[in-house]
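Geometric and topological summary
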Amino acid sequence: MNVLDLMFSKEEIIFVKKRYPKVDLKDLGRPIGGFRHITSLKYLDSSLKHDIENNNFDNCKDPEAAARMCDEIRRKIRPFIGYERKRAL
């Protein structure tokens, strides 16, 4: 599963690449380096959740737009949490 499967926009892909560089956008089911059981998708979801809950967008050009984008990305990925590794097997 990759970001194209989840229908991410170009802006969302660029945002994730810049803000969450550990996420493997080509294979969201792949574990993050150093963690066996945390996939890129779970890591991205947790990172987005943390940023949203803590309003952690002060370093962004447009904090409101960044918060909206995080909400939208999280809405797109939530249905696939837990299924990303099963599809790969």
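So, a few notes on the structure that sits alongside this text. This is a predicted model, so every value here is computed, not measured. (Residues numbered from 1 in each chain as written. Predicted model: local features only at pLDDT ≥ 70, side-chain atom pairs only at ≥ 80, totals over all residues. Heavy atoms only, no water.)

Thoughts on the overall build of the protein chain
A count of helical and extended segments in the protein chain gives 4 helices and 0 strands. In the protein chain, the succession of helices and strands from N to C terminus is α-α-α-α. Taking 2.2 N^0.38 as the reference for a compact globule, 89 residues should give roughly 12 Å; the C-alpha atoms of the protein chain span a radius of gyration of 13 Å, in line with that estimate. Projected onto the principal axes, the alpha-carbon positions of the protein chain cover approximately 40 × 25 × 20 Å. Within the protein chain, the proportion of its 89 residues that are buried is 36%. Sequence-distant contacts in the protein chain: of pairs separated by 6 or more residues, those separated by 24 or more amount to 61%. Here the protein chain has roughly 6,100 Å² of accessible surface; of this, 52% comes from carbon and sulfur atoms. (Helix = DSSP H or I, 4+ residues; strand = E, 2+ residues; numbered from the N terminus. Rg over C-alpha atoms; globule rule 2.2 N^0.38 Å. Buried < 20%, exposed > 50% of the residue type's maximum accessible area, 1.4 Å probe, protein only. Contact = heavy atoms within 4.5 Å. Areas by Shrake-Rupley, 256 points an atom, 1.4 Å probe, with all protein chains shown as cover.)

Structural notes on the nonpolar core
Core analysis: the largest hydrophobic core is formed by 21 residues, its most contacted members being Phe 8, Val 16, Tyr 20, Leu 44, Ile 73 and Ile 77. At the level of elements, helix H1 (10–19), helix H2 (40–53) and helix H3 (63–77) are the ones that each hand at least two residues to this core. Those residues in contact with Ile 73, other than ones at most four positions away along the chain, are Phe 8, Glu 12, Phe 15, Val 16, Leu 44 and Leu 48. (Core = buried A, V, L, I, M, F, W, Y, C linked by side-chain atoms within 4.5 Å.)

Comments concerning the pattern of salt bridges
For the coordinates displayed, the defined rule picks out 6 salt bridges. Asp 51 is paired through a salt bridge with Arg 19; the nearest N and O atoms lie 3.1 Å apart. With Asp 51 in helix H2 and Arg 19 in helix H1, the pair connects residues that are 32 residues apart, well separated along the chain. Given a relative accessible area of 6%, Asp 51 falls into the buried group. The salt bridge partner of Arg 75 is Glu 72, with a shortest N-O separation of 2.4 Å. A residue pair is termed a helical-turn pair when its members lie 3 or 4 positions apart in one helix, as Arg 75 and Glu 72 do in helix H3 at 3 residues. Since its relative accessible area comes to 54%, Arg 75 is described here as exposed. Given a relative accessible area of 28%, Glu 72 falls into the partly exposed group. Several salt bridges converge on common partners, so that one network encompasses Asp 45, Arg 74 and Arg 78. (Salt bridge = Lys/Arg side-chain N within 4 Å of Asp/Glu carboxyl O.)

Considering the packing of H2 against H3
Remark: H2 packs on H3, axes separated minimally by 10 Å, with the N-to-C direction vectors making an angle of 145 degrees. For the pair H2 and H3, the sense of crossing is left-handed. Here H2 contributes Leu 41, Leu 44, Asp 45, Leu 48, Lys 49 and Ile 52 to the contact with H3, which in turn contributes Cys 70, Asp 71, Ile 73, Arg 74 and Ile 77. For the contact of H2 with H3, a count of residues per class yields 7 nonpolar, no polar and 4 charged. (Axes fitted to C-alpha atoms, helices over the stretch in contact; angles between N-to-C directions. Left-handed = near helix turned anticlockwise from the far one by under 90°. Nonpolar A, V, L, I, M, F, W, Y, C, P; charged D, E, K, R; others polar.)

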